[in-house]
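# Fold and geometry: a report
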Amino acid sequence: MVKIGFGISRCDELKIGIFTGTISMDHPQVDRLADFLNVRQLYVTERLKHLVKYNDLDITVICPNGISDELHELRCSFDSFKMSKRKHLKVATGIVPAAIKLLKMDCEVLHMYSSELALSVVMAQKLRKKKFKILFEPMGVLEGELDVHTKHSLKSRITKPYMVWKEKLLFKHSEGIVAYTEAMKGYFSKQYGINPKKISVVPHWADSNVTSPYTNEKDIKKSLGIENKKSIVYTGSISELHGSRTLIKAMELIQTNEFGVVLLLVGGGPLLPKITEYIKKEQLKNVITLGIIPRTQIPTYLELADILVIPHTKCLQNNLDLPTKLFEYFEAGKPVVSSNLKAIVD
């Protein structure tokens, strides 16, 4: 007999439900570094690949709109519900279909990612005869993220109270919480009145098994026309939260100087179109946007870099949570220049 937490002790398989919320798992190439949502998709995929290694877990995943071919190979079951792929309709169209799936799901513990479909979980839990224990992984500090977005978006300012309320609802109904740092754990405990014993710290890590099909960085530099230049590389989401505007402004300051430095922006996100347009308008010759590339190619670009950067905006979210790219950068063994963020300094 083994005690596994949540008041459950057993010696047979534990039935685990994983609910991805609005995070779609049907992207044909889940190893791509894409926009914010697909980065979360990649995160969930990597965690799932890790969990299926445990033979004493019987895992069922509920996600919107089907799954990719890669996920079919994993040792777990999948069930999906219909949800609009239009950004502004996802939550509204997903609440009831997701609740129906959760109501019928056979599991003892439900691992819930993010809070967009919090109402689906709470509704299902209220109606179920056999309750499940909820393990909530917020995937960051929502209020901190919204504080950044509300500065640039009227919609974010209007919807912020509702989004924060949904997250508080999940905190209230959860038996366990996943935080990524001790600082985040302390914040959740103080801000939402959660017993610290209910919060587990599970740090980010880098997947050192990701290998690149390229071996000659010189060929890539030649193809980009930067053979004789020093390169600064950023990989990740292009957004306000990730300080993308600040990074471009910094490169603009040295545009007219002969530093022989070029910035490579690797990734996608909500700000990429605007930044691409700004680069073209201002004729910035020292910035190259590469967009979304296969994840297996990321190590090559980290290798060719002279400096790797983390320009994240200083806010509550970034002060409490370590970016996963920090560990990927460390794996590359290159100098890292970062914003002055508490989580990184600590």
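Refer to the structure above for everything that follows.
None of the values given here were measured: they were computed from a predicted structure.

What follows deals with the pairing of strand β11 (residues 261–266). Looking along a regular strand, one sees the side chains alternate between the two faces of the sheet. Extensive coverage of β11 is indicated by the burial of 5 of its 6 residues. Where strand β10 (residues 230–235) lies against β11, 6 bridges are found, and the strand directions are parallel. Each residue of the ladder has a partner; that of isoleucine 232, found in β11, is leucine 263. Two elements, β11 and strand β12 (residues 287–291), share 4 bridges in a ladder whose sense is parallel. Paired with leucine 265 across the two strands is threonine 289, which belongs to β12. Running through helix α9 (residues 272–282), the crossover from β11 to the neighbouring parallel element β12 is right-handed.

A few words on the nonpolar core. Counting residues in hydrophobic clusters, the biggest one holds 53 residues, and the most contacted among them are Phe19, Leu48, Ile59, Leu102, Leu110, Val121 and Phe188. The element best represented in this core is strand β4 (residues 57–64), accounting for 5 residues. With near-sequence residues (within four places) excluded, phenylalanine 19 lies in contact with Ile62, Phe81, Ala98, Leu102, Leu110, His111, Met112, Tyr113, Leu117 and Val121. Of all hydrophobic cores here, the second largest spans 35 residues; its members include Ile226, Leu247, Ile288 and Val309.

What follows is about the pattern of salt bridges. In total, this model carries 7 salt bridges according to the counting rule given. When the shortest N-O distance is used, the salt bridge between glutamate 46 and lysine 49 registers 3.9 Å. Placement of the pair is glutamate 46 and lysine 49 together in helix α1 (residues 36–51), with a separation of 3 residues, close to one helical turn. In this structure lysine 49 comes out as partly exposed when scored by relative accessible area, which is 26%. Between glutamate 240 and arginine 245 there is a salt bridge whose closest N-O contact spans 2.5 Å.

Right, let's talk about the packing of helix α8 (residues 244–253) against α9 for a bit. At a minimum axis distance of 11 Å, the contact between α8 and α9 shows a crossing angle of 15°. As judged from the angle between their axes, α8 and α9 are roughly parallel. The handedness of the crossing between α8 and α9 is right-handed. When α8 is examined against α9, the residues Ser244, Arg245, Ile248, Lys249 and Glu252 are found in contact with a partner set consisting of Lys274, Ile275, Tyr278, Ile279 and Glu282. For the contact of α8 with α9, the residue count by class is 4 nonpolar, 1 polar and 5 charged.

This brings us to helix α3 (residues 118–127). Among all positions of α3, only Ala118, Ser120, Val121, Val122, Ala124 and Gln125 are buried. Buried residues along α3 sit in contact with β3 (14–19), α2 (90–104), β6 (109–113), β7 (133–137) and α5 (154–173).

Attention now moves to helix α12 (residues 324–332). Inspection of α12 places Lys325, Leu326, Tyr329 and Ala332 among the buried residues, and these make up the whole buried set. In an axial view of α12, the angular spread of the buried residues amounts to 115°, which keeps them on one side of the axis. Seen from the buried face of α12, the exposed residues on the opposite side, beyond 90 degrees, are Phe330 and Glu331. Count one or two residues on from α12 and you reach glycine 333, which has phi positive near 70°.

Our focus in this paragraph is the side chain of asparagine 286. Assignment of secondary structure puts asparagine 286 in the loop between α9 and β12. Those residues in contact with asparagine 286 that sit more than four places away from it in its chain are Met251, Ile254, Gln255, Val261, Val262 and Leu263.

Right, let's get into unusual backbone geometry. Notably, asparagine 65 is not glycine yet its phi reads approximately 60°, a positive angle. Within the secondary structure layout, asparagine 65 lies in the loop between β4 and β5 (77–81). A residue is classified by how much of its surface remains accessible, and asparagine 65, at 19% relative accessible area, is buried. A positive phi angle is found at methionine 139, which is not glycine, with a value near 65°. Looking at where methionine 139 falls in the secondary structure, it is placed in the loop between β7 and α4 (142–149). Methionine 139 sits in the buried class, given a relative accessible area of 9%.

Calculation notes
Residues numbered from 1 in each chain as written. Predicted model: local features only at pLDDT ≥ 70, side-chain atom pairs only at ≥ 80, totals over all residues. Heavy atoms only, no water. Buried < 20%, exposed > 50% of the residue type's maximum accessible area, 1.4 Å probe, protein only. Helix = DSSP H or I, 4+ residues; strand = E, 2+ residues; numbered from the N terminus. Pairing = 2+ DSSP bridges. Right-handed = clockwise from strand over helix to strand, strands pointing away. Core = buried A, V, L, I, M, F, W, Y, C linked by side-chain atoms within 4.5 Å. Contact = heavy atoms within 4.5 Å. Salt bridge = Lys/Arg side-chain N within 4 Å of Asp/Glu carboxyl O. Axes fitted to C-alpha atoms, helices over the stretch in contact; angles between N-to-C directions. Parallel < 35°, antiparallel > 145°, perpendicular 65-115°, else oblique. Left-handed = near helix turned anticlockwise from the far one by under 90°. Nonpolar A, V, L, I, M, F, W, Y, C, P; charged D, E, K, R; others polar. Arc of directions from axis to C-beta.

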